[in-house]
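# Structural overview for review
What follows is each chain in one-letter form.
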2 protein chains.
Amino acid sequence: MNAEQWQPPPVLLAVDLLILTLRDSRLQALLVERGVDPFIGRMALPGGFLRDAGEGLGAAAERELREEAGLDAGALHLEQLGVYGEPDRDPRGRVVSVAYLAITPRLPDPIAGSDAAEARWCSVDEIARGDIPLAFDHADILADGVDRARSKIESTALATAFCGDEFTIPELQQVYEAVWGAPVDPRNFYRKVKAAAGLLAPADTSPRKPETGRPARLYRAGPATVIHPPILRSVALA
Amino acid sequence: MNAEQWQPPPVLLAVDLLILTLRDSRLQALLVERGVDPFIGRMALPGGFLRDAGEGLGAAAERELREEAGLDAGALHLEQLGVYGEPDRDPRGRVVSVAYLAITPRLPDPIAGSDAAEARWCSVDEIARGDIPLAFDHADILADGVDRARSKIESTALATAFCGDEFTIPELQQVYEAVWGAPVDPRNFYRKVKAAAGLLAPADTSPRKPETGRPARLYRAGPATVIHPPILRSVALA
DNA sequence: GGAATAGTGTCTATTAGACACTATTTG
DNA sequence: CAAATAGTGTCTAATAGACACTATTCC
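Residues numbered from 1 in each chain as written. Chains lettered and ligands numbered in written order. Predicted model: local features only at pLDDT ≥ 70, side-chain atom pairs only at ≥ 80, totals over all residues. Heavy atoms only, no water.

- Where an unreviewed UniProt entry is consulted, chain A appears under the name ADP-ribose pyrophosphatase, with the organism given as Cryptosporangium arvum DSM 44712.

Take a look at the structure:
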């Protein structure tokens, strides 16, 4: 700010994606195996550098989502999580990463159109436990993103982003149980979701037939983004 | 990701600060008048470019806090708000800004050691109303930051960051009223803050004497960062 | 005592959690 | 019918908001 000809240092900007979904009733994240040098062979969040100086951050996130996971950004929830830019996080030099959180419904197993050497879904608990070490500071990003999801489903319609277009109340309950990692009473859950104004809208399709038991009514996401009253966890946060 | 010699485009990284405080029982933000070319003469959030490639983002925020506002980062609350990096936000080229939210207690009026041409406190409501146009996308940053503060004081001890080292319950109530922009019943507020475990700790100093009325007991911030049960706004969000 | 602000108690409508019960499907 | 899952109702303890009251200071 003082020298006449001083120029700010340029940095490289990356975008990393924490893509969460529900599989086998567990919260899982998409990881790719790194095929190039820093942390080669390690699992990491999908992501990459900004393509060119004219690309917007959100646009870059959508592009990576398409390239690395074969997912269409228009169909899923995508929000910025934060910036991770400590000077020593990348051995190649000064790389600042903008992390995005994406939520997607259950998908067919093979990830189509994937750029990366190998992409697979991993349980968030296993990663948090340290069973699957991640490259860079991606474990921090994952922890922050899971925290964000855990708290946002209390007061927003975020949980519906884990479900398909049409879903049942027990399915939605599974989302809450998987994200919170705690059981939920179905009777009280019922009352709460129906009390939350604008969370649910009736679907026009007729219920799917299960193998056994009474078929559940189908709903679709309602118009609300924030819900009131909120659906609070019974147990206090750890 | 395909061409052998492709290099990611470098970008310039800026750090912008939304510094909030309470003055005249109103929520106010520190603004500086821009002395250089893009948006010259307009009010903007204090901030600047990363000094060198080895400077951490948090460190840059602390440095700007010191240089532009004369504030010591150790003494106040500082958290990352988000990244603002649309390609067209700065006419000079590709500048990505990391926004930080800082909360500080009431300060003596003249901002010491300020780098900027002119720094002054402005009411957040006036800015939001558009009475004071801001440079770049700083109005967005301000709106996001105020939203963040409004919701975080419900479930964290953030409100105490607006108070001095020792404060009274009525002072803390003023913080809630100013941040929410809505009156709060003092009797119920009392009950709530005292029920919130770890929010308050008794101060050892004796109460200050007001000009009139009974002196209020002094407290200091307790050990809790998240508070339970939360102190919720009565009225629903707009 | 009167004015002003701090702090406590109480009453009531609402809510959250626990859990019994009824409903609808398949076999 | 039994088994399985969906959905409703009810009881009770805790809570939130409204507001009356008591306490402590200065004049």
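Let's pick the thread back up.
### Some thoughts on the confidence of the model for chain A
- Per-residue confidence for chain A gives a mean pLDDT of 91, with 92% of residues at or over 70.
- Mean pLDDT values over the elements of chain A span from 92, in strand β7 (residues 119–123) of chain A, up to 98, in strand β5 (residues 77–84) of chain A. (pLDDT = per-residue confidence, 0-100. Helix = DSSP H or I, 4+ residues; strand = E, 2+ residues; numbered from the N terminus.)

### What to know about the protein's contact with DNA strand D
- As a structural note, the neighbourhood of DNA strand D is formed by 19 residues, with A:R187, A:Y190, B:R187, B:R191 and B:K192 the closest of them.
- Each atom of DNA strand D within 4 Å of the protein was assigned to sugar, phosphate or base; sugar and phosphate come to 55%.
- A distance of 3.5 Å separates a sugar or linking oxygen of DNA strand D from a polar atom in the side chain of A:T212.
- B:K192 has a polar side-chain atom sitting 2.7 Å from a phosphate oxygen of DNA strand D.
- Elements with a contribution of two residues or more to the surface near DNA strand D: α5 (186–195) of chain A together with α5 (186–195) of chain B.
- Ranked by the residues each element gives to the surface near DNA strand D, the list is headed by α5(B), at 4 residues.
- Of the residues contributing to the surface near DNA strand D, the split by class is 5 nonpolar, 5 polar and 9 charged. (Near = heavy atom within 4 Å. Polar contact = N/O pair within 3.5 Å; in protein donor to acceptor, adjacent residues only side chain to side chain. Nonpolar A, V, L, I, M, F, W, Y, C, P; charged D, E, K, R; others polar.)

### Comments concerning the interface of chain B and chain A
- Each partner contributes residues to the interface: chain B has 32 residues there, and chain A has 32 residues.
- Roughly 2,600 Å² of surface becomes buried between chain B and chain A when both sides are summed, with 67% attributable to carbon and sulfur atoms.
- On the surface where chain B and chain A come into contact, there are 7 residue pairs in polar contact (both at pLDDT 80 or more).
- At the level of secondary structure, the elements contributing two or more residues to the side of chain B that touches chain A comprise β1 (10–23), β4 (47–49), α1 (57–69), β5 (77–84) and β6 (95–103) of chain B.
- Class assignment of the residues belonging to the side of chain B that touches chain A gives a composition of 18 nonpolar, 8 polar and 6 charged.
- With 3 bridges connecting them, strand β1 (residues 10–23) of chain A and β1(B) associate as antiparallel partners. Pairing of A:P10 across the sheet is with B:L12, part of β1(B). (Contact = heavy atoms within 4.5 Å. Buried area = accessible area lost by both parts, 1.4 Å probe. Pairing = 2+ DSSP bridges.)

### Section: the packing of helix α3 (residues 138–155) of chain B against helix α4 (residues 169–180) of chain B
Residues and elements named next belong to chain B.
- Where α3 meets α4, the axes come as close as 9 Å, and the angle between the chain directions of the two elements is 145 degrees. Here α3 and α4 pass one another in a crossing that is left-handed. Facing α3, whose interface residues are A149, R150, I153 and E154, α4 presents Y176, V179 and W180. (Axes fitted to C-alpha atoms, helices over the stretch in contact; angles between N-to-C directions. Left-handed = near helix turned anticlockwise from the far one by under 90°.)

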